[in-house]
Amino acid sequence: MYNIEEVIKHRKPMRLVDELISFDEENACVSVTIDENSEFYQVERQGVPSYIGIEYMAQAIAAQAGANELANGKNIRLGFLLGTRKYKPSINYFDLDTTLHITVKRLLIDAAGLSVFDCSIVDKAQPEIMLAKAKVNVYQPEDSTEYVSK
C-alpha cells in the first residue's frame with residue numbers, strides 16, 4: 001500500500017486526507033481524522049464544515065488515480081475537479097475526533113479523460129450512517145504539462 005503523500009500531489013496545508021486505506025482500478029477508500037489541527041477546523045463548532053467533504057472526495061479520487069498510476073509503473077498525472085452533482089451532507093459539521101472514511105467508485109470514464117465517481121463519506125465508528133454523498137466529475141488529461149506554469 002502507498003502512503004498518501006506518494007499518491008497525491010497536494011501538500012500540507014491543502015492535503016486534507018490522511019491515509020490511503022485501499023484502492024483498485026475503479027475504487028478507493030481514504031481516511032481523515034478531524035482534530036484541532038485540521039484545515040478548516042472551527043473551534044466554536046468543534047468540527048470541520050461538511051461542505052469540505054467535496055474536497056475530501058476529490059482528494060480520494062486523486063489518491064485512486066495516483067495509486068493506480070504508480071501500480072502500473074507510470075508517473076502521477078494532474079487531474080481537475082470539474083464539479084459535483086447533488087452533494088448531500090446529512091450533517092453540518094464533521095465532529096472533532098471523528099475518523100471519516102471517504103470511498104469513491106468510478107462510474108464511467110471516456111477517452112478524453114472525463115470521469116464520474118460515486119462518492120460517500122461515513123464515520124469509521126458508524127459506517128452504516130451516510131454523512132455525505134455525491135457524484136463528482138473530474139478531468140485527467142493525458143498530458144497535463146500545458147496546465148502547469150513553468
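Quick look at the structure, then. A quick note: this is a predicted structure, and the numbers were derived from the prediction, not measured.

## Regarding the environment of alanine 58
Next up, step 1: Within the element layout of this structure, alanine 58 appears in helix H2 (residues 53–71).
Next up, step 2: We classify alanine 58 as buried; its relative accessible area is 14%.
Next up, step 3: Residues alanine 58 and asparagine 27 lie 31 residues apart in sequence; the distance between their C-alpha atoms is 13 Å.

## Comments concerning the side chain of serine 120
Next up, step 1: Mapped onto the secondary structure, serine 120 falls in strand S7 (residues 114–123).
Next up, step 2: Note on serine 120: relative accessible area 15%, which makes it buried.
Next up, step 3: A polar atom in the side chain of serine 120 sits 2.6 Å from the side chain of threonine 103.
Next up, step 4: With residues near it in sequence (within four places) discarded, serine 120 still touches Met57, His101, Ile102, Thr103, Met130, Ala132 and Lys133.

## Some points on H2
Next up, step 1: Counted at 1.5 Å a residue, the expected span for H2 with its 19 residues is 27 Å, and the 27 Å between its end C-alpha atoms agrees.
Next up, step 2: With 14 of its 19 residues buried, H2 lies for the most part within the structure.
Next up, step 3: Residue glycine 73 follows H2 closely and has a positive phi angle near 75°.

## Focus on the layout of surface pockets
Next up, step 1: Taken as a whole, the largest pocket encloses approximately 730 Å³ of empty space.
Next up, step 2: In terms of lining residues, the largest pocket is bounded by 36 residues, among which Ile61, Ala65, Arg77, Gly79 and Gln140 are the most central.
Next up, step 3: Where the lining of the largest pocket is concerned, the elements lending two or more residues are H2, strand S4 (80–89), strand S6 (99–109), S7 and strand S8 (126–139).
Next up, step 4: In terms of residue count, the dominant contributor to the lining of the largest pocket is H2 (9 residues).
Next up, step 5: Its residues assigned to classes, the lining of the largest pocket shows 17 nonpolar, 9 polar and 10 charged.

## A short note on the pairing of S7
Next up, step 1: For S7, a buried count of 8 out of 10 residues is recorded, marking the element as mostly surrounded by other parts of the structure.
Next up, step 2: Bridge count for S6 against S7 is 9 bridges, and the pairing is antiparallel. Following the sheet pairing, isoleucine 109 is matched in S7 by serine 115.
Next up, step 3: Where S6 folds back onto S7 in an antiparallel hairpin, the turn is made up of 4 residues, including glycine 113, whose phi is positive at roughly 100°.
Next up, step 4: In this structure, S7 lies alongside S8, joined through 10 bridges in antiparallel fashion. Each residue of the ladder has a partner; that of isoleucine 121, found in S8, is alanine 132.

Rules of the game
Residues numbered from 1 in each chain as written. Predicted model: local features only at pLDDT ≥ 70, side-chain atom pairs only at ≥ 80, totals over all residues. Heavy atoms only, no water. Helix = DSSP H or I, 4+ residues; strand = E, 2+ residues; numbered from the N terminus. Buried < 20%, exposed > 50% of the residue type's maximum accessible area, 1.4 Å probe, protein only. Polar contact = N/O pair within 3.5 Å; in protein donor to acceptor, adjacent residues only side chain to side chain. Contact = heavy atoms within 4.5 Å. Expected span 1.5 Å × (residues − 1). 1 Å grid on protein atoms, 1.4 Å probe; cavity = no way out; pocket = protein on both sides within 12 Å on 5 of 7 lines; lining within 4 Å. Points joined across faces, edges and corners; volume = space filled by probe spheres on them. Nonpolar A, V, L, I, M, F, W, Y, C, P; charged D, E, K, R; others polar. Pairing = 2+ DSSP bridges.

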